[in-house]
Number of protein chains: 4
Amino acid sequence: MEYTIFGESHGPAVGVTLTGVPSGLELDMAGLERELSRRAGGRSPLSTARREEDRVEVLSGLFQGRTTGTPLTLVIRNADRRSGDYERLKDLPRPSHGDYAGWVRYGGFGDYRGGGHFSGRLTAPLTAAGAVAKQLLALRGVWVGAHIASIAGIFDAGLDAVRGQRDLLEAAAAKEFPVLDDGAGERMRQAILEARAQGDSVGGSIQCAVGGLPAGMGAPDLDENAEGIFARHLFAVPAVKGLEFGAGFGLCAMRGSQANDPFRMEEGRVRTLTNHAGGINGGITNGMPVVFTAALRPTPSIAREQDTVDLSSGENARLSVRGRHDPCIVHRAVPVIEAAAALAACQLLRL
Amino acid sequence: MEYTIFGESHGPAVGVTLTGVPSGLELDMAGLERELSRRAGGRSPLSTARREEDRVEVLSGLFQGRTTGTPLTLVIRNADRRSGDYERLKDLPRPSHGDYAGWVRYGGFGDYRGGGHFSGRLTAPLTAAGAVAKQLLALRGVWVGAHIASIAGIFDAGLDAVRGQRDLLEAAAAKEFPVLDDGAGERMRQAILEARAQGDSVGGSIQCAVGGLPAGMGAPDLDENAEGIFARHLFAVPAVKGLEFGAGFGLCAMRGSQANDPFRMEEGRVRTLTNHAGGINGGITNGMPVVFTAALRPTPSIAREQDTVDLSSGENARLSVRGRHDPCIVHRAVPVIEAAAALAACQLLRL
Amino acid sequence: MEYTIFGESHGPAVGVTLTGVPSGLELDMAGLERELSRRAGGRSPLSTARREEDRVEVLSGLFQGRTTGTPLTLVIRNADRRSGDYERLKDLPRPSHGDYAGWVRYGGFGDYRGGGHFSGRLTAPLTAAGAVAKQLLALRGVWVGAHIASIAGIFDAGLDAVRGQRDLLEAAAAKEFPVLDDGAGERMRQAILEARAQGDSVGGSIQCAVGGLPAGMGAPDLDENAEGIFARHLFAVPAVKGLEFGAGFGLCAMRGSQANDPFRMEEGRVRTLTNHAGGINGGITNGMPVVFTAALRPTPSIAREQDTVDLSSGENARLSVRGRHDPCIVHRAVPVIEAAAALAACQLLRL
Amino acid sequence: MEYTIFGESHGPAVGVTLTGVPSGLELDMAGLERELSRRAGGRSPLSTARREEDRVEVLSGLFQGRTTGTPLTLVIRNADRRSGDYERLKDLPRPSHGDYAGWVRYGGFGDYRGGGHFSGRLTAPLTAAGAVAKQLLALRGVWVGAHIASIAGIFDAGLDAVRGQRDLLEAAAAKEFPVLDDGAGERMRQAILEARAQGDSVGGSIQCAVGGLPAGMGAPDLDENAEGIFARHLFAVPAVKGLEFGAGFGLCAMRGSQANDPFRMEEGRVRTLTNHAGGINGGITNGMPVVFTAALRPTPSIAREQDTVDLSSGENARLSVRGRHDPCIVHRAVPVIEAAAALAACQLLRL
C-alpha cells in the first residue's frame, strides 16, 4: 500500500490516493471520520479557529462498502477558506516554515495561501489514509496507539514499552487532550495558553506504540529496514524533527549490559524482559511492540514579529503572522503520528 | 545513485554494487582506502582485535581510472576470519543484536558466524560507497564532516550549525579519535577502557554536517522528503536508534519564537541567523548546512553473561559472548555516518 | 513524473494523480479537453453509444493557471451510467476481458459494473495525464504523434521513421479517423461497420513517433532501459498485446547488413540513414525519432453468444454481452497511445 | 527479488547482485552452470570463437549450500580477453550497436573494449540470475521453457499455447540447437553459416512459455501489470526489439469472436479453450500458461564494411568490424530469454 497526499490549504480540496489496498476491507467510514475529528481544530482555544467539517468523499476504490483492491481516492473539500489573510505574506517567508525552501524548490509557483501544499491541513488526508491502514491492521491483530509524551518541557507519564499498554493508549485516545496523566495534561494546556497569550507557540513530543506485529518483518537493507520504513513515513509528517526507537537517545549514555534486552521464553514465545530497542533489532521486528518517540517543533507561524526577507526585493524585512494558527499542534498531531505509523506498519507487513 | 551492500562477516568477501554513478569521475582509490582505514579496527584497545587490510578490488564500472556510468562493484575480501568463535552461539541469540530477529526473518538460514550479514563488518563496503559519494559531492562543492558528539554520557563540544565549521570537522577527521575537544575525547577513551575492563560496552552519538547543499532540494512528499532521505540511509547503519535534525529533540521544549530561524540577506543570499531546523524546512533544504545527530546504542556483544534463549530447545539459557568485539563503535562509526550522509546527499541531489 | 489512474466505469468519477510534475507549467485546459474529445465515444456508429462530456476538474496542484510542482489531481465525473446493463454479467466473465483474472486477483470484490477499474473508460484520465505530459514535452521541443497502422488487416501508409513526419501525424490527429491514407481509412471503417453488423469486433495496430528526444537518454539497465520504459507505459494501456520498436518483428528476417542503421554526419549532428532500430540502441536513445508500433486486440465485449463459466455455480455457461460497446477501439486509442508515449518520454527525460 | 547486472566484456569480471532472494533455497550450482553452458559460445561455427569457462563464484548470500536471504552476489571472471581487437573501434561506433548511444549517455567514459557493459557477455550473469529464479520457481510448480521460433525467416513448429507443452520445450532445451522441429533447425543453421560466410548476420525470434503460474497475479496498474513486468525484463535483454503475448500482432487482424478465449470448467478449474491472450487478461494472469514471443535483431557486429562516423573528428567514416562475433545470437539467447522470463515470473509472484 502506497499513498499520495494531494491538495493545498486553500485549493478546492485535499485528498489522498492509496494504491495496493487489499480488496474486501469493509471500510468503516464512521471510524475514518472519528480519526479526522481527533485531529480537527476549531474546537478550543488550544487550536486554530479554522473550522472544517472534514467530510470524506470516496471517489474510487470502494464498491458496496468494501475496498475493490484498485486505487482508493479519498477527497476532503476545503470549506472555511479565508485566503485574503495570506496575500500579504506572499513575499515574506515565515521563518522555519516551508515557505522559503518551497519557493526555491518550486520556482515561486507554489500556492502561497495558507502554506499551500505545506499546510498542516494536508495531515487531514494523511489521517484518513492512516485510518484505512488501521482498519487493515486490526484484521491482523495489529494496533497502533499514541499519547503526548511532552509539551513545552512538561512530560506525560511514560509507557511501559514491554507491555505496550494498549488499554492506556485507547483511554488516552478517547480524551480531547490525549495524555496518560491528566495532571500533566493540565499543565501542558496551561503552557499552551500562556504561549498563545504571548503570541507564541510551543513544541513537544509524541510516543507511539505498534503492538501485535509478528517478529521477522523488515530487513537490514536500505529499502526494507523496519526503522527506515517508520522513519520514511514519520519524517513526512510536518513538524517532525527527530525520531527515536525504544530508549533512543537515552541509549547513548547506557552500558551494553543495561541497554541489552534479555531474551526469555514466555508461554512458548520468545520475549524480551525490557524493550530498550523498541521492538526492532538489525532492522527487523523482534515480536515486541514497536515503540518510538517523535519530536515535533513548535508551530512556526506565530503572531510575534520576526525577522525575515522580502523575496520580491531581496531585502531584509519584518513579519507578523496574523491569520488563524495553532499555538501548539502536538495534541492534534497524535492521530497523525498514529496514521503515519499505521501506514508504515502496512508497508512493513507488505499490505 | 543507489547501492546494495552484500556479504557476510565470515564469507569470502563483503562489497557493494552502486548503480547510477555519474560517469567520468576519476576515482581516488587512496582516498577510498583512507576512509576505510578511519573505520578499521584492530589498532587499539578501544576496538576489536580483528584486523583486516580492507583492500578494495574494483570488479566493474571503472575504466582507465574513471567511472564508466554503469554499475560499480567494489569488493573487500575477508581475511582474518576465526569462525570457530561463533559456532557455540549458533542457537543462542545475543540480546539486542540482529541474531534472533534475523533468525525469524530468514528462517534460520542466515550465516550465524560473526553476525553474518548483520555484522559491523558490512559497514566497510558502506564506507567505501560513501567515499565514492564524497568524491562526487566534492566536485559540486558539497562536503560532509562528523565528530563524536558523545560517548557514555560525556559530551564533545557542539558544532556551530550556522557556520558548519568544516575546518574543525576536517581537523577532527584527521584524528584517531575524532572529537572537537580532545579533553572530552580523553575522558571518553577512559570510559571505553573502563567498560571494556568490565566486559561491557558503551554507546554514544555522532553529529554530522553536510555543507554546500543548494536550497530547494527535496520535497514534502513521502519519497523525496529531505529528512526522510537522510533517515532512510542513516537508519540502515547498524546501531543507529535515533536521529534528529538541527536542535531536534531540543525543539520540543522551545517556544516558536526561540526555535524559528530568522531569515536575513547576506551577500545577496538568503541565510538564517540560527539553524535550529538543521537546514531543512518542509522536507526541503533551505541552503544552510544540513546538521543532524544520530544516536548509537552500545555494542550488544559483551563479555558479561546475559540471559537469552536457546532456539534449538526453546528454553531459557545463559550466554557469554567471547570472540573479538568492540567495547564501543562510536569512534569507528564516524566515517560510516559520514558515508551514509554522503550517499543520502547524492540521492537528494539526484546524483 | 509518475501517475496513478483511479476510478471505476460506473463509480462517481475517474481521475489521475500525477506526482513530480515540474512547477510553472501553464496548463492549457482546452488542449487537455481536445485530447479527451479525440478519444471520446458516442459520436458515430464506429464507437460505443455511451456519451460522456469528460470535463476535467483540477483538485490540486494548479494555482493561478500554472502547475505548483506538488501533486496534480485531475477528476472526470461519470455521468452517463446505466449500471443495470451489467448486473446480469456479474458472475459470467467475458472471455478475454479482465473480468475473470480481476475476480481472482481481487477476491470478487471488484466493481463489476462496466468492467469497473478495467474499463476502457479509465483511458480518459490516462489521456488527460498524457496531455499534461505533451505540454511539458513541447516546451523541450519533443512532440508525439500517432496514426492507425492497421485495422482488421487493412494497413495505412507507413511512416518514414527517419523523418518522423510530424506534419503528416498532426494532419492525421485532426481527423476524426486518424490515418495517413484516407482511402485505407475508408476501408477500415467499412470493416468496423461490417463487424458491428455481425455483433463482432475488430483489432488493429497503432504506429507512434516521438520526435525531438536528445540522444543519450535511458540506460542498458532494468529500470532505465528506454525500451523498457516505453513498454511499461504501453502495456498498461488496455488491449495492447504487442509492442515493437522500429522494424521490430521485421528485423527477425533481416540480415545485419540490412538491419543496421548506418551513421552519417548531417549538419554537425550524428544521424542514421535508416531507422530500423526505432531510435533506440542498447536501451538508450540515439537522437533519431523513437518509433514503435503497438498491437491492439479486438474488443472482447461482443454481442455474439460466447462460451464462458458461471463463477457462482462453477458450471459452464453461455453469454451474450449487451450494454454499449465499441466494435473497434483502435481509432479511439490513438490519443491514448500518444498519451502513454508522452508519459514514457517524460520518465525518460526525468521530467 | 531484484537484480543488478554488473561488469564489462573486457573488465576483470561480470556478475550479478540479487536482493530479496528467499532464504533456504538449496542452490544447485551444477544446474546454474548447465544454464550458462547453454548460452556459451566458442563451441561451433554458429557462434563467436571467444571461449569462456563461465565458472560462477558466489561472493555472498550462500551459507552451507543454501541462500541466506541477504544479497546473493555471483561473479564470473573474464578470461579470454583480446582487447587489442577493439582499440581501433574506439571512435567508430558500430551501426545499431549501443556504442554511439552509450558514448553520448556516458560522456565517452564507457569501456569501449568489446562493447563494455553493452556486450552480449553481460547475458552470462543474467542467465545465472535466471537459473536461481528457475530453481525458486520450480519449488512452486512454475516452469519456464523456450525454443527458437524463427531465424532468418525460417520458422520452427509453433507451440500449443493452451497446453504449454513443457515436455517438448525440455527436449528442445537439451539440444545444442533448441528447436522443436529439427528439420527447420537444420535449415536455420544453414542460413546462419551462409550469412557468416558473407560476413553478415541474421536475426530471429524466440517463443517462451511460463507454466504453472496461478491465476490472479499482476494488476492493471503501471507497476504491477503482468505484461509490463515481463516487458521490463525482456526489453533489458540485448537485441530484443519486439515482444508480443499470445497471438500478439496476429490479434490485429482477428475478429473478437476469433480472438476471445472461451472459458470452460475443467476438473473444477476455470480454463480457456484457446490461449490467444497468452495467459494474461487486463494485466493479470488467468491461470493459463504465459506465452510470449520476443523478436531479436540480427547481430550488429558484422565483418562487412559499413558507413559510420568518426566521433573524434566528426567526419563520415567506413568501418569493418573484425574481432570475434556471432553470426547469430538467437540460439544462444534461448536460455537468456528463459532467464529474463523466470526473473519476471519471480517479480510477478513477489518472490
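Residues numbered from 1 in each chain as written. Chains lettered and ligands numbered in written order. Predicted model: local features only at pLDDT ≥ 70, side-chain atom pairs only at ≥ 80, totals over all residues. Heavy atoms only, no water.

Participant: How would you explain the relation of the copies chain C and chain B if you had to name every residue and give the values?
Facilitator: Superposing chain C onto chain B takes a rotation of 180° combined with a translation of 0.0 Å along the rotation axis, leaving an RMSD of 0.0 Å. What the superposition gives is, in effect, a two-fold axis relating one chain to the other. No C-alpha of chain C approaches the rotation axis more nearly than that of Arg350 of chain C, which lies at 5.1 Å. The share of interface residues of chain C whose copies in chain B are also at the interface is 100%, consistent with both copies meeting through the same surface. (Least-squares fit on C-alpha atoms with pLDDT ≥ 70 in both. Contact = heavy atoms within 4.5 Å.)

Participant: I'd like to hear about the relation of the copies chain B and chain A, residue by residue, with values.
Facilitator: If you rotate chain B by 180° and push it 0.0 Å along the axis, it lands on chain A with an RMSD of 0.0 Å. The share of interface residues of chain B whose copies in chain A are also at the interface is 100%, consistent with both copies meeting through the same surface.

Participant: Outline helix α4 (residues 123-138) of chain C, supporting the account with residue identities and numerical values.
Facilitator: A rise of 1.5 Å per residue sets the reference length of α4 of chain C, with its 16 residues, at 22 Å; its end C-alpha atoms lie 22 Å apart and thus fit the reference within 8%. Most of α4 of chain C sits out of view: 15 of its 16 residues are buried. (Helix = DSSP H or I, 4+ residues; strand = E, 2+ residues; numbered from the N terminus. Expected span 1.5 Å × (residues − 1). Buried < 20%, exposed > 50% of the residue type's maximum accessible area, 1.4 Å probe, protein only.)

Participant: An account of the interface of chain B and chain A is requested, with residue identities and associated values reported.
Facilitator: With 96 residues of chain B at the contact, the number on the chain A side is 96 residues. Carbon and sulfur atoms supply 59% of the area buried between chain B and chain A, which totals about 7,000 Å² over both sides. The largest per-residue losses of area from chain B upon contact with chain A belong to Leu222, Lys241 and Phe263 of chain B, which jointly make up 12% of the total buried on that side. Linking chain B with chain A are 12 salt bridges. Of the charged contacts, one joins Arg264 of chain B and Asp307 of chain A as a salt bridge, the two residues approaching to 3.6 Å between their closest N and O atoms. Counting residues per element, the side of chain B that touches chain A draws most heavily on strand β10 (residues 240-245) of chain B, at six residues. Examined bridge by bridge, strand β10 (residues 240-245) of chain A and β10 of chain B share three bridges and lie antiparallel to one another. (Buried area = accessible area lost by both parts, 1.4 Å probe. Salt bridge = Lys/Arg side-chain N within 4 Å of Asp/Glu carboxyl O. Pairing = 2+ DSSP bridges.)

Participant: Quick one: what's the story with unusual backbone geometry, residue by residue and with numbers?
Facilitator: Even without a glycine there, the phi angle at Ala239 of chain A is positive, about 85°. Among the structural elements, Ala239 of chain A can be located in the loop between α7 (226-235) and β10. Given a relative accessible area of 24%, Ala239 of chain A falls into the partly exposed group. Here the phi dihedral of Ser96 of chain C falls at roughly 65°; this positive angle occurs in a residue that is not glycine. On the secondary structure map, Ser96 of chain C appears in the loop between α2 (84-87) and α3 (99-105). Under the relative-accessibility criterion, Ser96 of chain C is labelled buried at 7%.

Participant: Could you give me a rundown of the pattern of salt bridges, with the residues and numbers involved?
Facilitator: Summed over all chains, the structure comprises 109 salt bridges over all chains. Here Arg39 of chain D makes a salt bridge to Asp54 of chain D, at a shortest N to O gap of 3.6 Å. In this pair, Arg39 of chain D sits in helix α1 (residues 29-39) while Asp54 of chain D sits in the loop between α1 and β3 (56-60), placing the two residues 15 residues apart along the sequence. The two residues Arg39 of chain D and Asp54 of chain D agree in class, both being buried. Across the pair Arg271 of chain D and Glu266 of chain D runs a salt bridge, and its minimum N-O distance is 3.5 Å. For Arg271 of chain D, a relative accessible area of 18% puts it in the buried group. Take Glu266 of chain D: its relative accessible area is 39%, and that puts it in the partly exposed class. Among the charged side chains, a salt-bridge network with shared partners connects Glu35, Arg38, Lys134 and Glu338 of chain A.

Participant: Summarise the pairing of strand β12 (residues 269-272) of chain A; cite the residues concerned and give the values.
Facilitator: Residue and element names in this part refer to chain A. In the sheet, strand β11 (residues 263-266) pairs with β12 via four bridges, with the strands oriented antiparallel. The residue bridging Phe263 from the neighbouring strand is Thr272, located in β12. Taking the residues that link successive antiparallel strands as the turn, the β11-β12 hairpin has two residues, and the phi of Glu267 there is positive, at about 50°.

Participant: Quick rundown of the confidence of the model for chain A? Include the residues and the values.
Facilitator: Summary statistics for chain A give a mean pLDDT of 94 and a share of 95% for residues scoring 70 or more. We note a pTM of 0.96 for the whole complex and an ipTM of 0.96 for its interfaces. (pLDDT = per-residue confidence, 0-100.)

Participant: An account of the side chain of Glu227 of chain B is requested, with residue identities and associated values reported.
Facilitator: One can find Glu227 of chain B in helix α7 (residues 226-234). Reaching out from Glu227 of chain B, the side chain makes a polar contact with the side chain of Lys241 of chain A at a distance of 2.6 Å. (Polar contact = N/O pair within 3.5 Å; in protein donor to acceptor, adjacent residues only side chain to side chain.)

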